[in-house]
Amino acid sequence: MRSTQIRSTFLDFFTSRGHRHVPSSPLIPSDPTLLLANAGMNQFKPYFLGEVTPEYPRATTIQKCARTSDIENVGRTNRHATFFEMMGNFSFGDYFKADAIAYAWELLTQGYQLEKDRLWITVHRDDDEAEQLWRRIGVPAERIQRLGADNFWDMGVPGPCGPSSELNYDRGPAFGREGGPAVDGERYVEIWNLVFMQSLRGADDDNGGFPILGDLARRSIDTGLGLDRLAAILQDVENVCSTDLLSPTLTTVQELAGREYPGSGEEKVSFQVVAEHARSIAYLIADGVLPAKDGRGYVLRRLMRRAVRHARLLGIDRPVLAPTTASVIANLGDVWPELVGQAALVEQVVNAEEESFTRTLTQGTRLLNAAITRSREGRSTTLTGETAFELHDTYGFPVELTVEAARDAGLSVDEDRFAALLAEQQKRAKTGGKARTAEALRRQDAYRELSSRHGRTDFVGYDRLDTEATVLGLIADGTVVPGADQGRTLELVLDRSPFYAESGGQVGDTGTIRTSSGALLDVLDTRLGLEGFHVHTVRVREGGIRTGEQAEALVDGPRRDAVARSHSATHVLHAMLRRTLGDHARQHGSLVDAGRLRFDFAHFSALDRTQLAAIETLVNDHLLADPEVRVWHAGRSEAEAAGATALFGEKYGDHVRIVDIGDFSRELCGGTHAPHGAGAGPVRILGESSVGSNLRRIEALTGRDALTHYDTERRLLDELSTLLGTRPQDAPDALRRRLDALATAHHELARLREAELGVQARRLAASARAVPGGRIVTENVSGLGPDDLRTLAAGTADVLGNRAVVVLGTEHDGKALLTAAITHDLHTIGTQAGRLLTAAARAVGGGAGGKGPIANAGGRRPEALDEALVLAARDAARILG
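Residues numbered from 1 in each chain as written. Predicted model: local features only at pLDDT ≥ 70, side-chain atom pairs only at ≥ 80, totals over all residues. Heavy atoms only, no water.

1. Comments concerning the overall build of the protein chain
Helices and strands together make up the secondary structure of the protein chain, namely 23 helices and 35 strands. Computed over C-alpha atoms, the radius of gyration of the protein chain comes to 37 Å, more than 25% over the 29 Å expected from 2.2 N^0.38 for 881 residues, which places it beyond the range of a compact globule. With the principal axes as the frame, the protein chain shows a C-alpha extent of 115 × 75 × 50 Å. For the protein chain, with 881 residues in total, the buried portion stands at 52%. Of the contacts formed within the protein chain by residues at least 6 apart in sequence, a portion of 68% connects residues at least 24 apart. Carbon together with sulfur atoms contributes 49% to the accessible area of the protein chain, which is approximately 39,200 Å² in total. Charged side chains of the protein chain number 102 positive and 120 negative; the gap between the two group centres comes to 5 Å. (Helix = DSSP H or I, 4+ residues; strand = E, 2+ residues; numbered from the N terminus. Rg over C-alpha atoms; globule rule 2.2 N^0.38 Å. Buried < 20%, exposed > 50% of the residue type's maximum accessible area, 1.4 Å probe, protein only. Contact = heavy atoms within 4.5 Å. Areas by Shrake-Rupley, 256 points an atom, 1.4 Å probe, with all protein chains shown as cover. Lys, Arg positive; Asp, Glu negative; His and termini not counted. Charge placed at Lys NZ, Arg CZ, Asp CG, Glu CD.)

2. Re the packing of helix 3 (residues 97-111) against helix 4 (residues 128-137)
For any two helices packed against each other, the geometry comes down to the angle between their axes and how far apart the axes lie. Their axes nearest at 10 Å, the elements helix 3 and helix 4 cross at an angle of 40°. The orientation of helix 3 with respect to helix 4, classified from their angle, is oblique. Note that helix 3 runs across helix 4; the crossing there is right-handed. Residues Lys97, Ala98, Ile101, Ala102 and Trp105 of helix 3 pack against Glu129, Ala130, Leu133, Trp134 and Ile137 of helix 4. Of the residues in the contact of helix 3 with helix 4, the class split is eight nonpolar, no polar and two charged. (Axes fitted to C-alpha atoms, helices over the stretch in contact; angles between N-to-C directions. Parallel < 35°, antiparallel > 145°, perpendicular 65-115°, else oblique. Left-handed = near helix turned anticlockwise from the far one by under 90°. Nonpolar A, V, L, I, M, F, W, Y, C, P; charged D, E, K, R; others polar.)

3. A short note on unusual backbone geometry
Note that the residue after Gly681, namely Pro682, is joined by a cis bond; omega there is -10°. Looking at the secondary structure, you find Pro682 in the loop between strand 27 (665-668) and strand 28 (683-692). Unusually for a residue other than glycine, Gln113 sits at a positive phi of about 60°. Positive phi values are uncommon outside glycine, yet Asp477 reaches one of about 55°. Considering the arrangement of structural elements, one finds Asp477 in the loop between strand 13 (466-476) and strand 14 (479-481).

4. Looking at empty space enclosed by the protein
Inspection of every chain in the model, using the stated rule, returns two cavities of 30 Å³ or more. The calculated volume of the largest cavity comes to roughly 70 Å³. Lining the largest cavity, in full, are Asn78, Arg79, Arg171, Phe175, Glu186, Val189, Arg229, Ala232, Ile233, Glu238 and Val240. The dominant element in the lining of the largest cavity, judged by the number of residues it contributes, is helix 5 (residues 227-234), at three residues. In terms of residue class, the lining of the largest cavity is made up of five nonpolar, one polar and five charged. (1 Å grid on protein atoms, 1.4 Å probe; cavity = no way out; pocket = protein on both sides within 12 Å on 5 of 7 lines; lining within 4 Å. Points joined across faces, edges and corners; volume = space filled by probe spheres on them.)

5. Details of the pattern of salt bridges
For the structure on display, the rule yields 52 salt bridges. For Asp593, the salt bridge goes to Arg596, with nearest N and O atoms at 3.4 Å. Judged by relative accessible area, Asp593 falls into the buried class, the value being 14%. One connected set of salt bridges, linked through shared partners, spans Asp711, Arg714, Arg715 and Asp718. (Salt bridge = Lys/Arg side-chain N within 4 Å of Asp/Glu carboxyl O.)

6. With respect to the sheet that holds strand 25 (residues 629-635)
Strand order in the open sheet made by the three strands is 25-26-27, with antiparallel pairing throughout. Each edge of the open sheet carries a strand with a single partner, namely strand 25 and strand 27. Ignoring strand direction, the axes of neighbouring strands in this sheet form an average angle of 25°. As paired elements, strand 25 and strand 26 (residues 655-661) share seven bridges and run antiparallel to each other. Looking at strand 26, one finds that Val631 is bridged to Val659. (Pairing = 2+ DSSP bridges.)

7. Observations concerning a nonpolar patch on the surface
The grouping of Leu717, Leu720, Leu735, Leu739 and Leu742 at the surface amounts to a nonpolar patch, some 380 Å² of accessible area in total. Among the secondary structure elements, those contributing two or more residues to the nonpolar patch are helix 18 (703-724) and helix 19 (731-766). Looking at which element gives the most residues to the nonpolar patch, the answer is helix 19, with three residues. Structurally, Leu720 is set in helix 18. (Patch = residues over 30% accessible without salt bridge, like charges linked within 9 Å, V, L, I, M, F, W, Y side chains within 5 Å.)

8. With respect to the environment of Val629
Its place among the elements puts Val629 in strand 25. Judged by relative accessible area, Val629 falls into the buried class, the value being 12%. A C-alpha to C-alpha distance of 8.2 Å links Val629 and Ser568, two positions 61 residues apart in sequence.

Written as structure tokens, this is what we have:
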């Protein structure tokens, strides 16, 4: 059975049983506690938590997932992968264990026609109910095994959790030992996990465990059936890389390596790593992840570097990522059209990253070889863990390569020390994250308490800027409080609000709230505590406020208008960047504020002033044409079919809000906008910069702020023109001529100064006094800076020719300066000019420095210069004698 049929069989089965087919969410999740989407239930987490009322009681998805927790197992087992498609069915307070178990058994044994006697079941050791349900359905007791932690599922972060039951398929004696999944996971491969969501877990404790905070509002079902593993069984192939999902890419790797895929050994591992990682890389980039030093960008970078390293182990010394990711797109692009849509981006990113990593490998190899040489010279047989960690952490050099190179040199690596240093670094990062998570959990609990009591906020701010409302709750330091007095800053929740909550890059509204008791509050910010739940940060300016009061909420209108102009301008800028640079120049973050915007987008090189000017002109031309700004609503699939751009990392429901600007921009957007294009301009681009690998940022001003900036630039140009005595349009050429003339004058002055110092050097040389063994010049000269003093001393020594010492002093900026110079013949026999200034420098209250034929000294006592020169002359006579 081909993978396309496996997918359609799954979706048809569940949609025919009342499940809503929900598209996969992007790999960049909207959940801030997750780095990447790692399970089908991620997008439904608010439903499981009871934060949001589901639009449907049942759902089914095929979710793109990325997990790197088992990255070292890729290629070494038949079943592990860093990217996979998770087919799932979900119940939000509808059916529970009995139906979930019945559905899974029916689909596997009838829909996919798997042999019943090859299916083994595991349940949690305390879940008697699940075992009884399986036995009732016909699974004999000897093929049901009770396990512990392996049959309890959570996301690894605070959130929903519960016991699970896994369906495992016996692949036969060729794959391992008898004894069921408790004995051998390679032979009895897990294909489907049924999670009985019933609890809420807290943050990790210091012992690696976590508390169960309580029961979920409604018992629910979350299941995941791995497409890769089921395909390997139904297509009767050994491993996931040999399925139709990855076999074309594996063939590409064989072509690049110039040999067949082996049946075993380390080469087999490398073949599979390159093919499997290429798939992960293509999907991650297509969903908006770009290589970076941390976060999800580092996950991508690690996958790319691992793939390149294993390609090099196979002897592939040419680019490998571009052809392998291209094969992924060609094979799977029909099912996942975003791969095709971002093909150019994928190619450009992998080429740039592979080229960069090749340089890293070269640099790392050089540093590693130096470390190996030092170890040998020190008669050590071990390369230190500190060296391996520095190569890994600072230079991105894989520790596996360090171990391999050291082994080839007859050395071992202190891997225990390396592991300890790595664990220490990870612990520091985790500790910081736990503190932030604990604080966030307190706030979330408070929001949940209020949300469960009162529901979502009724947002009326699209249509009006003021409303009457009721104060539903006050939150201080993560705790719900009954009231607050003057001067207090805290969070406030209303039943309805005209204040836009920060989202989609747009800042939250500010304004005022006045209560029925006369209290006046300044609204400092508005954000979403939960989905659809507005939280207002307020400061009590006058009086005191209590929960339950009636209030009048008023948005700062001029600020909202300025923000709306910036938001519309951002959409137009996005459209013009893609038109100018290519479709890959998609948004990767933004800040939409009053009078200004910041826009991050994918691109691989800096934009020069000519490009920025052209983009700015395009944006303003389109705004000047005064296009209509139209807001409409539709189903998500309808909107995307109509060409609406969905932004990376944003979460959308089944029904979406679309903003059209003219016929050139169409985006899914929940923000506020100017009513017409002309109302959003003008736009003034201030500049662009790099904010990460393959990521650029444009900053711009909009509306009145742009006009103010233009006015400031005009006044500066007028002032400059007046100073130059010319017209504004001629100012650049006039300034250029002045600068050229100034450079010529500086050059002439330098020539004259050099000639003057030459004359002075000859005069000083003529005044030299003879001492036994040579000649000495000492002089307190005036009006010289440190550079001229050094030039004069060296010039005087050159005039004297041989067996001569020159020591000059001057007062400069209230300090004493001394310079000593010796002739070349003295330097060649080992004489150092610095020896002449040791005593002299002490005399002026300072120290000397410099090696070779010229040295300098300085101090705080210019009045002692003559004394210092006498001491220098004495020391010079001793050296010459």
